[in-house]
Amino acid sequence: MTRSWTDLDDFQNFIDGGGIVEAVDDMPDDYRAEVFRFIEFHANSELMGGLTERDWIPRAPGVRLKQIFLAKTQDEIGHAHLLYQVAADMGFKDRTQMLEELFDGRSRFHNVFHYQAVTWADQIAIAYLVDAAAFASQRAVFAECTYGPYKRVLKRIISEEGFHMRHGEEMLLRLTEGTETQREMFQAALDRWWWPAVHLFGPDSDPNDPLLRWKIKSQPNEQLRHAYIQKYVPLLQSYGFRIPDDNLHYDDTFDGGKGAWLTSDIDWEPLKATMRQGGPDSRRRISNAAANYADTAWVREALQRTGAAA
Amino acid sequence: MNSRTLTDRATLEAVQFAVASVHDPEYPGVSIAELGLVETVRVEDSEATIDLIPTYGGCPALDFIARDVRNAVMATQAVTACTITWLRAPIWTPDRVTGDVRRFLESEFTVTLRRSDGSLVCPVCGSGTVRDTAPMGPSRCRSLAYCDDCRNPVEVMR
């Protein structure tokens, strides 16, 4: 059954009343466009993230960790597949077009996939810090998410990301119990990844952000970022690591005496650079992804010829 | 029936209950027993022996599941040791998933199981126009499908 709304006010009442929009509904054009952009960005990020995990399968120390990285790669690529399907269904671009634009450097994806992972400890920092940031932001989207098909996919994604976080904690604990060299490796990785992880939440939300109004996002960026900092500063410090921010301090008076960890003023230039594909590792990442797509063309062709679903 | 037998039975039941209380790491709210991962639970001389069946041999969750089972069993304090084995046979099939949990997987996770004739029914709208789209989903135990009626991606446990 296709539902429609007389105007944007009528649609807003539906959203405010807890309504969920389905793919078959005659939704407002602006809603369709905004939600599409958001899901395409998410799909691109899952794909670029999955390709990063894949790069580390041969370098993961030990069979068990290789198995975990294989599984995480399959998870992320599978999530991308589901999200591209939901995005393509919205009628703006098909999957091939979205992929080609991504590999051409004309599409955006999460800032954290524009940096290079230098050592194995970076992979742990990513699993522990970056996955947690992504998880927090996905959970906040799932909390309301008025677009039904996206909400259903998110449900499975966040269940699996919760499982990835267990791996991240396990790997971090192993390293913290290791040698001084291992701890130094993690500190160096933390120095590289702390700010990108904080940036992942984005700058303060525009109070008129249509994604908030239409309840795709349930909380403004700054709230999520603040909660993340409150959780991870004390955790990392309890393991004996140093947050790379000289102005980081605890303010007892914050929020009428509730207290909070406050960071330096955040420099958003690095984030903006990644959104223009101008991050430190953007070019290499995108060209690797494009090369991978070209290398696997024969698989897509073979699946199509045999009549199997591609 | 002597008192020793009764105690043994109570111990076994406590261990069985503990094993069934473990949830699958990827489906919070779903017991590993309901998914058909538990083959046998035995207790002899205060030692528990638990045989589990993986959905797929390469599943990355096996270590976590085994650890969660061990922790749950030892927390009962009913036994002094716990041995967990992942069996190679019998092989897990979707038939091992119990009826109630099938409905829960459908409503909570949009994950469905093929009917005995091989057909698929959409867990969102109930339509029969669900087509397979990819043999590989986000995990070894799931493939991807799509409902042409309500236009939702669906995952199939296989």
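Up top you'll find the structure we're talking about.
Everything in this summary refers to the structure shown in the same document. (Residues numbered from 1 in each chain as written. Chains lettered and ligands numbered in written order. Predicted model: local features only at pLDDT ≥ 70, side-chain atom pairs only at ≥ 80, totals over all residues. Heavy atoms only, no water.)

Structural notes on the layout of surface pockets
All names here are of chain A.
In step 1: The space that makes up the second largest pocket amounts to roughly 960 Å³.
In step 2: Around the second largest pocket, the lining is made up of 39 residues, and of these Phe38, Phe41, His110, Leu211 and Lys217 lie nearest the centre.
In step 3: Contributions of two or more residues to the lining of the second largest pocket are made by α2 (29-55), α5 (120-144), α6 (148-176), α9 (221-238) and α11 (269-275).
In step 4: Tallying contributions element by element places α2 first for the lining of the second largest pocket, with 7 residues. (1 Å grid on protein atoms, 1.4 Å probe; cavity = no way out; pocket = protein on both sides within 12 Å on 5 of 7 lines; lining within 4 Å. Points joined across faces, edges and corners; volume = space filled by probe spheres on them. Helix = DSSP H or I, 4+ residues; strand = E, 2+ residues; numbered from the N terminus.)

Section: the interface of chain B and chain A
In step 1: Taken together, the contact between chain B and chain A spans 36 residues of the former and 30 residues of the latter.
In step 2: Both sides together, the interface formed by chain B and chain A hides about 2800 Å², and carbon and sulfur atoms give 52% of it.
In step 3: Of all residues in chain B, Phe64(B), Pro138(B) and Arg151(B) give up the largest surface area on contact with chain A, accounting jointly for 23% of the area buried on that side.
In step 4: Across the chain B-chain A interface, the total number found is 7 salt bridges.
In step 5: Glu155(B) is the partner of Arg156(A) in a salt bridge, and the nearest nitrogen-oxygen pair spans 2.3 Å.
In step 6: Linking chain B with chain A are 14 residue pairs in polar contact (both at pLDDT 80 or more).
In step 7: Broken down by secondary-structure element, the contributors of at least two residues to the side of chain B that touches chain A are α2 (62-75), α3 (99-109), β7 (130-134), β8 (142-147) and β9 (153-157) of chain B. (Contact = heavy atoms within 4.5 Å. Buried area = accessible area lost by both parts, 1.4 Å probe. Salt bridge = Lys/Arg side-chain N within 4 Å of Asp/Glu carboxyl O. Polar contact = N/O pair within 3.5 Å; in protein donor to acceptor, adjacent residues only side chain to side chain.)

What to know about the sheet that holds β7(B)
Residues and elements named next belong to chain B.
In step 1: Taking strand neighbours across the sheet as the criterion, the 4 strands line up as β6-β9-β8-β7 in an open arrangement whose pairing is mixed. Edge positions in the sheet fall to β6 (111-113) and β7, since each has one partner strand and no second. Shown here is a sheet whose adjacent strand axes are inclined to one another by a mean of 45°, direction ignored.
In step 2: Judged from the 5 bridges that link them, β8 and β9 form a sheet pairing that is antiparallel. Looking across to β9, one finds that Ala145 is bridged to Val154. (Pairing = 2+ DSSP bridges. Axes fitted to C-alpha atoms, helices over the stretch in contact; angles between N-to-C directions.)

Concerning the packing of aromatic side chains
Residues and elements named next belong to chain A.
In step 1: Per the stated rule, a full pass over the model turns up 21 aromatic pairs over all chains.
In step 2: Aromatic side chains Tyr128 and Tyr232 sit 5.6 Å apart centroid to centroid with 85° between the ring planes, which places their arrangement in the edge-to-face category. With Tyr128 in helix α5 and Tyr232 in helix α9, this pair connects stretches of sequence that are 104 residues apart. Per residue, the accessibility class of Tyr128 equals that of Tyr232, and both read buried.
In step 3: Members of the aromatic cluster, connected to one another through ring pairs, are Tyr128, Trp194, Phe201, Tyr228, Tyr232 and Tyr239.
In step 4: The side chain of Arg213 reaches across the aromatic face of Trp214, ending 5.2 Å from its centre.
In step 5: The residue whose ring lies beneath Arg300 is Tyr293, and the NZ or CZ to ring-centre distance is 3.8 Å. (Phe/Tyr/Trp six-rings, centres within 6.5 Å; stacked < 30°, edge-to-face > 60°. Buried < 20%, exposed > 50% of the residue type's maximum accessible area, 1.4 Å probe, protein only. Lys NZ or Arg CZ within 6 Å of the ring centre and 35° of its normal.)

Quick notes on the nonpolar core
In step 1: Counting residues in each nonpolar core, the largest one holds 96 residues, and the members touching the most others are Tyr31(A), Tyr147(A) and Trp194(A).
In step 2: By residue number, the principal contributor to this core is α5(A), which donates 15 residues.
In step 3: In contact with Tyr147(A), other than residues within four places in its own chain, are Ile20(A), Val21(A), Glu22(A), Ala23(A), Met27(A), Tyr31(A), Val35(A), Ile39(A), Val86(A), Asp89(A), Met90(A) and Ile216(A).
In step 4: Membership of the second largest hydrophobic core comes to 36 residues, among which are Phe163(A), Phe64(B), Ala72(B) and Trp92(B). (Core = buried A, V, L, I, M, F, W, Y, C linked by side-chain atoms within 4.5 Å.)

Describing unusual backbone geometry
In step 1: For the bond running from Ala89(B) to Pro90(B), omega is 0°, close enough to zero to count as cis.
In step 2: The residue Pro90(B) is located in the loop between β5 (81-86) and α3 in this model.
In step 3: For Gln277(A), which is not glycine, the phi dihedral falls at a positive 65°.
In step 4: Assignment of secondary structure puts Gln277(A) in the loop between α11 and α12 (282-295).
In step 5: Of note, the phi angle at Thr110(B) is positive, near 50°, even though the residue is not glycine.
In step 6: Counting through the fold element by element, Thr110(B) comes out in the loop between α3 and β6.

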